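# What the coordinates show
Chain by chain, the residues run as shown.
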Amino acid sequence: MTLGLGMITTDSTDPGPLAKWWADLTGGTIEEENDGWFYVVGVPGWGHKLGFQKVSASTPGKNRQHVDLSSSDLDAEVERLLAAGATEVHRQSMDSFRWVVFADPDGNQFCVAGGH
């Protein structure tokens, strides 16, 4: 018996706008709203869904898990994400591998890699 990835879920005090933000950035759609307490975003080609769950309070500090995304044009993607409301946290590179750490509008961090 093994486990499989069902969904990547993010806690939020206001999950609706956050689900819409992620759907817009990934070209996905909100597939379920569940009376405003749990949103499901389907992203074409990903094979997995993103979940956004209503919680009463945000978790303080950096999130312990995060999404790693990739782009064939990292520089253009950085500009697009910043224009869409993401916050740049950190840039990193190792040899030809580069990535940028961002925070979404709720402060949840995620990475976008390119250049390999």
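Residues numbered from 1 in each chain as written. Predicted model: local features only at pLDDT ≥ 70, side-chain atom pairs only at ≥ 80, totals over all residues. Heavy atoms only, no water.

As recorded in an unreviewed UniProt entry, the protein chain goes by VOC family protein and comes from Rhodococcus spongiicola.

## Points about the environment of His48
Counting through the fold element by element, His48 comes out in the loop between strand 3 (38-42) and strand 4 (49-54). Note on His48: relative accessible area 33%, which makes it partly exposed. Residues His48 and Leu25 lie 23 residues apart in sequence; the distance between their C-alpha atoms is 16 Å. In this view, His48 contacts Leu5 and Gly6; residues no more than four positions away in its chain are not counted. (Helix = DSSP H or I, 4+ residues; strand = E, 2+ residues; numbered from the N terminus. Buried < 20%, exposed > 50% of the residue type's maximum accessible area, 1.4 Å probe, protein only. Contact = heavy atoms within 4.5 Å.)

## Some remarks on the pattern of salt bridges
Evaluated as defined, the whole model comprises 5 salt bridges. With its nearest N and O atoms 2.7 Å apart, the salt bridge here joins Lys49 to Glu31. A residue pair is termed long-range when its members are at least 10 positions apart, and Lys49 in strand 4 and Glu31 in strand 2 (residues 29-32) qualify at 18 residues. Here Lys49 falls in the partly exposed class, since its relative accessible area comes to 33%. Residue classification places Glu31 among the partly exposed positions, given a relative accessible area of 41%. (Salt bridge = Lys/Arg side-chain N within 4 Å of Asp/Glu carboxyl O.)

## Considerations on the pairing of strand 7 (residues 97-103)
In summary, the side chains of a regular strand alternate between the two faces of the sheet. Burial within strand 7 is extensive, with 5 of its 7 residues counted as buried. Relative to strand 7, strand 6 (residues 87-94) runs antiparallel, the two sharing 7 bridges. Bridge pairing links Met94 to Phe97 in strand 7. Here strand 6 hands over to strand 7 after 2 residues, with Asp95 in that stretch at a positive phi of 55°. (Pairing = 2+ DSSP bridges.)

## Here's the deal with the sheet that holds strand 3
Strand pairing in a sheet relies on backbone hydrogen bonds, with the paired strands running either antiparallel or parallel. Within the open sheet, the 4 strands sit side by side as 1-4-3-2. Their pairing is mixed. Either end of the sheet is taken by a strand with one partner, and the two such strands are strand 1 (7-12) and strand 2. Pairwise comparison of adjacent strand axes, ignoring direction, gives a mean angle of 30° for this sheet. Here 5 bridges tie strand 3 to strand 4, and the two strands are oriented antiparallel to one another. Bridging from a neighbouring strand, Gly42 pairs with Lys49 of strand 4. Packed on one face of the sheet, helix 1 (residues 15-26) meets strand 1, strand 2, strand 3 and strand 4 and runs near 160° to strand 4. (Axes fitted to C-alpha atoms, helices over the stretch in contact; angles between N-to-C directions.)

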